[in-house]
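What follows is each chain in one-letter form.
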Amino acid sequence: MEGLRRPWTLRTRLVVSAVSLIAVVAAVIGSVTAIAFHSYMYGKLDDQLRSIAVRAERPPGPGPLPEALRDAGPLGFVGGGGQPLGTFGALVDDSGDITTSKVVEDSGLRSQESAKPLTEAQQQALEAAAPAVGADARSVELPGLGGYRVEAATTTEGRTVLVGIPTAEVSGALTTLIVVEVCVTAAGLIAASLAGTVLVGVALRPLRRVAATATRVAELPLHSGEVALLERVPDAEADPRTEVGQVGAALNRMLGHVGSALVVRQESETRVRQFVADASHELRTPLASIRGYAELTRRATGRDTSASGSDPVIRHALGRIESEADRMTGLVEDLLLLARLDAGRPLSYESTDLLPLVVDAVSDARAADQGGEGQDAHHRWRLELPGGPVTVRADPARLQQVLVNLLANARTHTPPGTTVTVSVRPSVQPSVQPSVQPSVRADQPVTLEVRDDGPGIPAELLPHVFERFARGDASRSRGAADERTATGSTGLGLAIVQAVVSAHGGRVRVDSTPGRTVFAVELPAETSAHQGSQGRDRLTTPV
């Protein structure tokens, strides 16, 4: 989002802090140097001005003067030599007005100078800011001439003379000093930034190694399966005498505790899985015996002509025994399959065409959905299949079980009249040339979808539909009077779907809203050469 500033890294903050501190120190040193240089230069300038003012207080000496300045009177010192170019003198009457003024200028001839009067604007500026006799020198800005240091003196004749010398040379030297300080400071800050970046990077290298160790641990699949948590911070970065070492040592202790907890969890899961597998194996035999004895009893009662043998109560009880034995056998088989998948038992992979499996599964689901012999099915069943084979590398028996569980889920948990649609979408790469058939893309999965227009899955149940023993009978039951719905499902069907699909390297997802529920199974496509003849046309048919 705009307006949110990207947070600075620790290295950036350290470098910026160090450079800022250097900049503050450089600014203080530069300011003090500039102020001291300003005071020193202006002190020398005031001393020079004082000596000129002393000359202005005395009458002109007997030495030769230029012919143009012989009769200059009290301003004879101006242009007499020895003064900087731009030095001026001005006579001030009792009312403070300037009566006569002269300023030294370059005559254009080597070793010769001349004098000229100040302009009216310059005289007015001088009159407005001129210091009093005996006061300290004052800075005055004269139009066209620039800055001046001006001092007032009294001649032996009792007249007031204003003497000024230009400050351009001193101002130029001060400006040059400031420019040099700014350039040197900028160069120093750039050099400090580069050096600081390198030094801070070297100093933070141990911290980066600690962070790399934490990142590798974070990428481990710690939520399931056997995990060997062997990652540790190197001893060089786990020295408790340093700050980074303290972080590394604390991380190592935490990883040790987590590793111990994972070992305990894995041992507990292994014991539970072994118990489930053993219990399933042990239960299969008594369940088979119960079913066998129930069948023998039914046959015996069928041959018995006595009243008790034809008692409908006994027949019903035997039917219920067989029904519950079948249901318990299914539950045991489901638990045994999940235990095998959890243990990582390999599946029987082979090249499998999905379309015959889908057609057979939908046909079986439609047959199971019929209310009785000669009656129509409670649901509407539809197929959306491509025109050619869709081949995956899979275990066909396990994929058949996935289809059966998904269709049974749709049949059991939706009301009569619901339309259930099963579709298969192959992974194809359209060709640039129309005459060339599309080819299979290995990076795109084959998608198998089971859709229904039923009431949907409640939002609170949706995140848990693939968990074991998660049941939705109370919210999605169609209310039929059949025994399966009345007794409820085992809650293992969708868990088996997810386990089988995951064992094939695919994934299953669900999207549900009122009026539309979609279970999508994605399986890796087989990349064999014969897949290239796969067609694009789809066939939509009711079953």
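Everything that follows concerns the structure shown earlier in this document.
This write-up is about the structure you can find in this document. (Residues numbered from 1 in each chain as written. Predicted model: local features only at pLDDT ≥ 70, side-chain atom pairs only at ≥ 80, totals over all residues. Heavy atoms only, no water.)

## Re the overall build of the chain
The following threshold applies: Each helix is a run of DSSP H or I of at least 4 residues and each strand a run of E of at least 2, with the numbering of both proceeding from the N terminus. Throughout, exposure labels follow a simple rule: accessible area from a 1.4 Å probe, protein chains only, divided by the maximum for the residue type, with under 20% read as buried, over 50% as exposed, and the rest as partly exposed. Residues count as neighbours in contact if any of their non-hydrogen atoms are within 4.5 Å of one another. Only the protein chains shown count as covering a residue, and every accessible area follows the Shrake-Rupley method with a 1.4 Å probe.
Within the chain, the regular secondary structure consists of 11 helices and 16 strands. Counting across all 543 residues of the chain, residues that qualify as buried make up 36%. In the chain, the share of contacts with a sequence separation of at least 24, taken over all contacts with a separation of at least 6, comes to 67%. For the chain, the exposed area adds up to about 31000 Å²; of that, 57% sits on carbon and sulfur atoms.

## Here we look at helix H8 (residues 396-412)
The test is simple: Expected helix span is taken as 1.5 Å per residue step, with the number of steps being one fewer than the number of residues. Residues adjacent in sequence count toward polar contacts only when both atoms are side-chain atoms; beyond that, a polar contact is any pair of N or O atoms within 3.5 Å, and within protein one must be able to donate a hydrogen and the other to accept it.
With 17 residues, H8 should reach 24 Å at 1.5 Å per residue; the first-to-last C-alpha distance of 24 Å fits that figure. Among the 17 residues in H8, 13 count as buried, and that is most of the element. A side-chain oxygen of the first residue of H8 lies 3.2 Å from the backbone nitrogen of Ala 397; this N-cap is Asp 395.

## Quick word on the nonpolar core
Selection criterion: In this description, a nonpolar core means a group of buried Ala, Val, Leu, Ile, Met, Phe, Trp, Tyr and Cys residues linked to one another through side-chain atoms lying within 4.5 Å.
Counting residues in hydrophobic clusters, the biggest one holds 46 residues, and the most contacted among them are Val 358, Leu 406, Leu 407, Val 422, Val 424 and Val 521. Sort the elements by how many residues they give to this core and helix H7 (residues 354-369) lands first, with seven residues. With 13 residues, the next largest nonpolar core counts Phe 88, Ala 90, Leu 142 and Val 150 among its residues.

## Comments concerning H7
Over its 16 residues, H7 runs 22 Å from end to end, which matches the ideal 22 Å to within 8%, given 1.5 Å per residue. The inward-facing, buried residues of H7 abut strand S7 (350-353), strand S8 (380-386), strand S9 (391-394), H8, strand S10 (419-425) and strand S13 (446-452). Among the residues of H7, the N-terminal cap falls to Asp 353, whose side-chain oxygen and the backbone nitrogen of Leu 355 are separated by 3.3 Å.

## Re a negative patch on the surface
The test is simple: The patch calculation keeps residues exceeding 30% relative accessible area without a salt bridge and links them within 9 Å when they carry like charges or within 5 Å when they are nonpolar (Val, Leu, Ile, Met, Phe, Trp, Tyr). Salt bridge, as applied in this entry: a Lys or Arg side-chain nitrogen positioned within 4 Å of an Asp or Glu carboxyl oxygen. Residues scored as charged are limited to Lys and Arg (positive) and Asp and Glu (negative), so that His and the chain ends carry no count. Note that the charge is assigned to NZ on lysines, CZ on arginines, CG on aspartates and CD on glutamates.
Residues Asp 93, Asp 94, Asp 97 and Glu 127 make up a contiguous surface patch of negative charge. Structurally, the position occupied by Asp 94 is in the loop between strand S1 (88-92) and strand S2 (98-106).

## Comments concerning the environment of Ser 51
Along the polypeptide, Ser 51 turns up in helix H1 (residues 10-57). Within the local environment of Ser 51, its side chain forms a polar contact with the backbone oxygen of Gln 48, the two atoms lying 2.6 Å apart.

## Describing the pattern of salt bridges
Taken as a whole and assessed by the stated rule, the structure comprises seven salt bridges. Between Arg 149 and Asp 46 there is a salt bridge, and its shortest N-O distance comes to 2.9 Å. In this pair, Arg 149 is assigned in strand S5 (residues 146-154) and Asp 46 in helix H1, connecting sequence segments 103 residues apart. Residue Asp 46 is classed as partly exposed on the basis of its relative accessible area, which comes to 21%. Among the salt bridges present, the one from Glu 522 reaches Arg 507, with a minimum N-O distance of 3.0 Å. In this pair, Glu 522 is assigned in strand S15 (residues 516-523) and Arg 507 in strand S14 (residues 507-513), connecting sequence segments 15 residues apart.

## With respect to the environment of Ala 525
In this structure, Ala 525 sits in the loop between S15 and strand S16 (538-542). With a relative accessible area of 11%, Ala 525 lands in the buried category.

## Side note on the packing of aromatic side chains
Our working definition: Pairing of aromatic rings covers Phe, Tyr and Trp, the last through its six-membered ring, and needs centres within 6.5 Å; plane angles under 30 degrees mean stacked, over 60 mean edge-to-face, and all others mean tilted.
Per the counting criterion, the structure on display carries two aromatic pairs. Where Phe 466 meets Phe 519, the ring centres are 6.2 Å apart and the plane angle is 90°; that geometry is what we call edge-to-face. Here Phe 519 lies in strand S15 and Phe 466 lies in the loop between S13 and helix H9 (473-476), a separation of 53 residues in the sequence. The same class applies to Phe 466 as to Phe 519, namely buried.

## Description of the environment of Gln 124
Take Gln 124: it is sitting in helix H2 (residues 120-129). Residue class for Gln 124 comes out partly exposed when judged on its relative accessible area of 47%. Sequence separation of Gln 124 and Leu 142 is 18 residues, and the distance between their C-alpha atoms is 9.0 Å.

## Considerations on the pairing of S1
The test is simple: Only strands joined by at least two bridges in the DSSP assignment are considered to pair.
Buried residues dominate S1, accounting for five of its five residues. Neither face of S1 is left uncovered, since the one carrying Phe 88, Ala 90 and Val 92 and the one carrying Gly 89 and Leu 91 both have all their residues buried. As paired strands, S1 and strand S6 (residues 160-166) are joined by five bridges and run antiparallel to one another. Bridge assignment links Ala 90 to a residue of S6, and that residue is Leu 162.

## Re the side chain of Glu 522
For Glu 522, a relative accessible area of 12% translates into the label buried. Among the polar contacts made by the side chain of Glu 522, one reaches the side chain of Arg 509 at a distance of 3.2 Å. Contact partners of Glu 522, with chain neighbours within four places excluded, come to Pro 445, Val 446, Thr 447, Val 501, Gly 506, Arg 507 and Arg 509.

## Remarks on the pairing of S8
Buried residues dominate S8, accounting for five of its seven residues. As paired strands, S8 and S10 are joined by five bridges and run parallel to one another. Residue pairing for S10: Arg 382 is matched across the bridge by Thr 421.

## Quick word on the packing of H8 against helix H11 (residues 493-503)
Note the cut-off: The angle between two axes is taken between their N-to-C directions and runs from 0 to 180 degrees, where each axis is a line fitted to C-alpha atoms and a helix contributes only its stretch in contact. Throughout, a crossing is termed right-handed when the near helix is turned clockwise from the far one, and left-handed when it is turned anticlockwise from it by less than a right angle. Polar here means any residue other than Ala, Val, Leu, Ile, Met, Phe, Trp, Tyr, Cys and Pro, which are nonpolar, and Asp, Glu, Lys and Arg, which are charged; Gly is therefore polar.
Here H8 crosses H11 at 145°, and the two axes come no closer than 9 Å. Judged by the twist between their axes, the crossing of H8 over H11 is left-handed. In contact with Arg 398, Gln 401, Val 402, Asn 405, Leu 406 and Asn 409 of H8, H11 contributes Gly 493, Leu 494, Ile 496, Val 497, Val 500 and Val 501. Broken down by class, the residue content of the contact of H8 with H11 amounts to seven nonpolar, four polar and one charged.

## With respect to a nonpolar patch on the surface
Taken together, the side chains of Leu 21, Val 25 and Ile 29 define a hydrophobic patch exposed on the protein surface, amounting to about 290 Å² of accessible area. Structurally, Leu 21 can be placed in helix H1.

## Brief notes about the packing of H7 against H8
At a minimum axis distance of 9 Å, the contact between H7 and H8 shows a crossing angle of 40°. In this structure, H7 crosses over H8, and the sense of that crossing is right-handed. Every residue of H8 that contacts H7 at Leu 354, Leu 357, Val 358, Asp 360, Ala 361, Val 362, Asp 364, Ala 365, Ala 368 and Asp 369 is listed here: Pro 396, Leu 399, Gln 400, Leu 403, Leu 407 and Arg 411. The residue makeup of the contact of H7 with H8, split by class, is 11 nonpolar, one polar and four charged.

## A closer look at the side chain of Gln 122
Of note, Gln 122 is situated in helix H2. Given the relative accessible area of 8%, Gln 122 is considered buried. For Gln 122, the contacting residues outside a window of four places in its chain are Leu 142, Pro 143, Gly 144 and Leu 145.

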